[in-house]
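Coordinate analysis (summary)
The chain contents come next:
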Amino acid sequence: MRRDHFELEVHNVDWVESGEPPAEPRVVIDFTGPEETLTDRLTGADGDLLDASETDVTFRLQDPLDSSDATGVVSVTDRITGDFLLELNEDADDVLRFVRAAREYGQTTDDDGGRYSVVIRVDGDTVATYAKSTFLVYDANGSLLRSKSLIPSGVEL
């Protein structure tokens, strides 16, 4: 699967700066390639679609964070095997803004580690929806940026 087969939209992040009531941040990833290809990747060894606890969402910078036009790769991976289920290129500022919204949303709810959802669609039809509370951000060298990541309290990495 090619990265350009994916489009990413974020929802419910503007409230952080506008002062509107908090809303759970949501990322929608739309795949425009063959449905079977994506569905196969999202299916576990048992033949069922992976659930939220079996996936991880990460962002790996490709440029230094202080670069004005830093970009990186958003990935959804299989937590058990480490296999990449999907990857797409995104601007670092947009991703970090999303992580900030998820962190702040978590502070307004009982979940102090943050909370957000990921919706994966094929040509507009929802294939999977994951409720997540962790979003790891890595620099271009592969080192975890804890201060930029969304890590629930009590979780050790």
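I will try to describe carefully the structure that is included in this document.

The rules behind each value
- Residues numbered from 1 in each chain as written.
- Predicted model: local features only at pLDDT ≥ 70, side-chain atom pairs only at ≥ 80, totals over all residues.
- Heavy atoms only, no water.
- Helix = DSSP H or I, 4+ residues; strand = E, 2+ residues; numbered from the N terminus.
- Buried < 20%, exposed > 50% of the residue type's maximum accessible area, 1.4 Å probe, protein only.
- Contact = heavy atoms within 4.5 Å.
- Patch = residues over 30% accessible without salt bridge, like charges linked within 9 Å, V, L, I, M, F, W, Y side chains within 5 Å.
- Areas by Shrake-Rupley, 256 points an atom, 1.4 Å probe, with all protein chains shown as cover.
- Salt bridge = Lys/Arg side-chain N within 4 Å of Asp/Glu carboxyl O.
- Lys, Arg positive; Asp, Glu negative; His and termini not counted.
- Charge placed at Lys NZ, Arg CZ, Asp CG, Glu CD.
- Pairing = 2+ DSSP bridges.
- Core = buried A, V, L, I, M, F, W, Y, C linked by side-chain atoms within 4.5 Å.

Here the focus is the environment of Leu 65. Mapped onto the elements of the fold, Leu 65 is located in the loop between β3 (55-61) and β4 (71-78). The exposure class assigned to Leu 65 is partly exposed, which follows from its relative accessible area of 33%. Put simply, Leu 65 and Tyr 138 are 73 residues apart on the chain and 10.0 Å apart in space, counted from C-alpha to C-alpha. Once residues lying within four places of it in the same chain are set aside, the contact partners of Leu 65 are Ala 70, Leu 96, Leu 145 and Lys 148.

Turning to a negative patch on the surface, a few remarks are in order. A contiguous patch of negative charge on the surface is contributed by Glu 35, Glu 36, Asp 40, Asp 123 and Asp 125. No other element matches helix α2 (residues 35-41), which puts 3 residues into the negative patch. Inspection of the secondary structure assignment puts Asp 123 in the loop between β6 (116-122) and β7 (125-132). By relative accessible area, which is 51% here, Asp 123 ends up exposed.

What follows covers unusual backbone geometry. Negative phi is the rule for most residues except glycine; trans is the rule for most peptide bonds. With phi around 65 degrees, Asn 12 is a residue other than glycine that occupies positive phi space. Within the secondary structure layout, Asn 12 lies in the loop between β1 (6-11) and α1 (15-18). For Asn 12, a relative accessible area of 35% corresponds to the partly exposed category. Backbone geometry at Asp 123 places phi at a positive 50 degrees, although glycine is not the residue there.

We now examine the pairing of β7. In this sheet, β7 lies alongside β6 in antiparallel orientation, the contact comprising 7 bridges. Counterpart to Arg 121 in the pairing with β7 is Thr 126. Between β6 and β7, which pair antiparallel one after the other, the connecting turn spans 2 residues, and Asp 123 there sits at a positive phi close to 50 degrees.

What follows is about the nonpolar core. Within the largest apolar cluster, 37 residues are counted, with the highest numbers of intra-cluster contacts made by Ile 29, Leu 38, Phe 59, Leu 86, Tyr 116, Val 118 and Phe 135. Looking at this core, the elements that each hand over two or more residues are α1, β2 (26-31), β3, β4, β5 (84-91), α3 (92-108), β6 and β7. Setting aside chain neighbours within four positions, we find Phe 135 in contact with Val 57, Thr 58, Phe 59, Val 95, Phe 98, Val 99, Tyr 116, Ser 149 and Leu 150.

Relative to the helices and strands, Ala 101 resides in helix α3. Judged by relative accessible area, Ala 101 falls into the buried class, the value being 0%. Once the C-alpha coordinates of Ala 101 and Arg 26 are considered, the two residues, 75 residues apart in sequence, prove to be 9.8 Å apart. Excluding residues that lie within four positions of it along the chain, Ala 101 makes contacts with Asn 12, Val 13, Trp 15, Val 16 and Pro 25.

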